[in-house]
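Working through the structure, step by step
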Amino acid sequence: MSAGQPILYYTWLNEKQWHLYIAATADGLCYVSSPDQPLEDLVLWANSRFPGYALVEDREQMLAYTVAITQYLDGAVDTLDKIKHELRGTPFQLAVWEALCRIPYGQTVSYSAVAEMAGRPDAVRAVGAAIGANPVLITIPCHRVIGKNGSLTGYRGGMAMKQQLLQLEQSANHSNDKKEAEQKTVEVNGNAAFV
């Protein structure tokens, strides 16, 4: 590494069944791998998207991202909202990825809905290609995009990962709804009453 050379930090996230490489510049998270992918995939991606950057393993530098993603994988609802990204793509890809970030936690939308959100309602196939090029799985929530008929469709992380992420969000939403209902219950004269 030469003096002044920009750095792309990375670490291996190994949490329960999740085994992912994640990478970031000083400006934000830029890569989350598919499960169990080799380091070579990150190296190839980094060389094409961040040429001239030194790839440096640094668990401490990546700690905030590791914690946020781990908390999300443990069912926390709002941890991904705090993550800064540094994304490199075409203006169209960036518009699609920004639209993905507006899909609410625990909800799904169709590719045509994402095309509408990105301001390109006639570009559904191109939107699908941009979604497939998303370098930051989980935190740019392309797993929330499904077929128009409600079916699960392709996902760079694999269909099992997509299904697990959707189930995780639905379970967390169900748990949060239950907690809210419990909090709205008070005892009146020894009986439970809703407020």
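This structure is a prediction, so every number in the text was calculated from the model and none was measured.

The subject of this paragraph is the nonpolar core. Among the nonpolar cores identified, the biggest contains 43 residues, and Leu-29, Ile-69, Val-114 and Ile-138 are the most heavily contacted of them. Put simply, the parts of the chain that give this core at least two residues each are strand E1 (7–15), strand E2 (18–25), strand E3 (28–32), helix H2 (63–73), helix H3 (91–100), helix H4 (111–117), helix H5 (124–132) and helix H6 (159–183). Other than its neighbours up to four places away in sequence, Ile-69 contacts Leu-13, Ile-22, Leu-29, Val-32, Leu-80, Ile-83, Ile-138 and Thr-139. Judged by nonpolar contacts, the second largest core, of ten residues, contains Leu-8, Cys-30, Tyr-31 and Trp-45.

This part is about the pattern of salt bridges. On inspection of all chains with the given rule, the structure shows four salt bridges. Two residues, Arg-102 and Glu-98, come together in a salt bridge whose shortest N-O distance is 2.3 Å. Owing to a relative accessible area of 40%, Arg-102 belongs among the partly exposed residues under this scheme. Residue Glu-98 is classed as partly exposed on the basis of its relative accessible area of 42%. Between Glu-169 and Arg-144 there is a salt bridge, and its shortest N-O distance comes to 2.9 Å. One end of the pair, Glu-169, is in helix H6; the other, Arg-144, is in the loop between H5 and strand E6 (145–146), with 25 residues separating them in the sequence. With respect to class, Glu-169 is no different from Arg-144; both count as buried.

A few words on unusual backbone geometry. Despite not being glycine, Asp-36 shows a phi value in the positive range, around 60°. You will see that Ile-138, though not glycine, has its phi angle at about 75°, which is positive. Tracing the backbone shows Ile-138 in the loop between H5 and E6.

As for its position among the elements, Ser-110 is in strand E5 (residues 109–110). Residue Ser-110 is classed as buried on the basis of its relative accessible area of 14%. Among the polar contacts listed, one links the side chain of Ser-110 to the side chain of Ser-112, at a separation of 3.0 Å. Those residues within four positions of Ser-110 in sequence are excluded, and the remaining contacts are Val-145, Ile-146, Gly-147 and Lys-148.

For the structure on display, the rule yields six aromatic pairs. Both rings, one in Phe-50 and one in Tyr-53, keep their centres 5.1 Å apart while their planes meet at 80°; by these two values the pair is edge-to-face. Look at Phe-50 and you get buried, because its relative accessible area is 1%. When the centroid spacing of 6.1 Å and the interplanar angle of 85° are considered together, the rings of Tyr-72 and Tyr-105 count as edge-to-face. Highlighted residues: Tyr-72 in helix H2 and Tyr-105 in the loop between H3 and E5, separated in sequence by 33 residues. You'll find Tyr-72 and Tyr-105 in the same group, each marked buried. Through pairs of rings, three or more aromatic residues link up here, namely Tyr-31, Trp-45, Phe-50 and Tyr-53.

Analysis parameters
- Residues numbered from 1 in each chain as written.
- Predicted model: local features only at pLDDT ≥ 70, side-chain atom pairs only at ≥ 80, totals over all residues.
- Heavy atoms only, no water.
- Core = buried A, V, L, I, M, F, W, Y, C linked by side-chain atoms within 4.5 Å.
- Buried < 20%, exposed > 50% of the residue type's maximum accessible area, 1.4 Å probe, protein only.
- Helix = DSSP H or I, 4+ residues; strand = E, 2+ residues; numbered from the N terminus.
- Contact = heavy atoms within 4.5 Å.
- Salt bridge = Lys/Arg side-chain N within 4 Å of Asp/Glu carboxyl O.
- Polar contact = N/O pair within 3.5 Å; in protein donor to acceptor, adjacent residues only side chain to side chain.
- Phe/Tyr/Trp six-rings, centres within 6.5 Å; stacked < 30°, edge-to-face > 60°.

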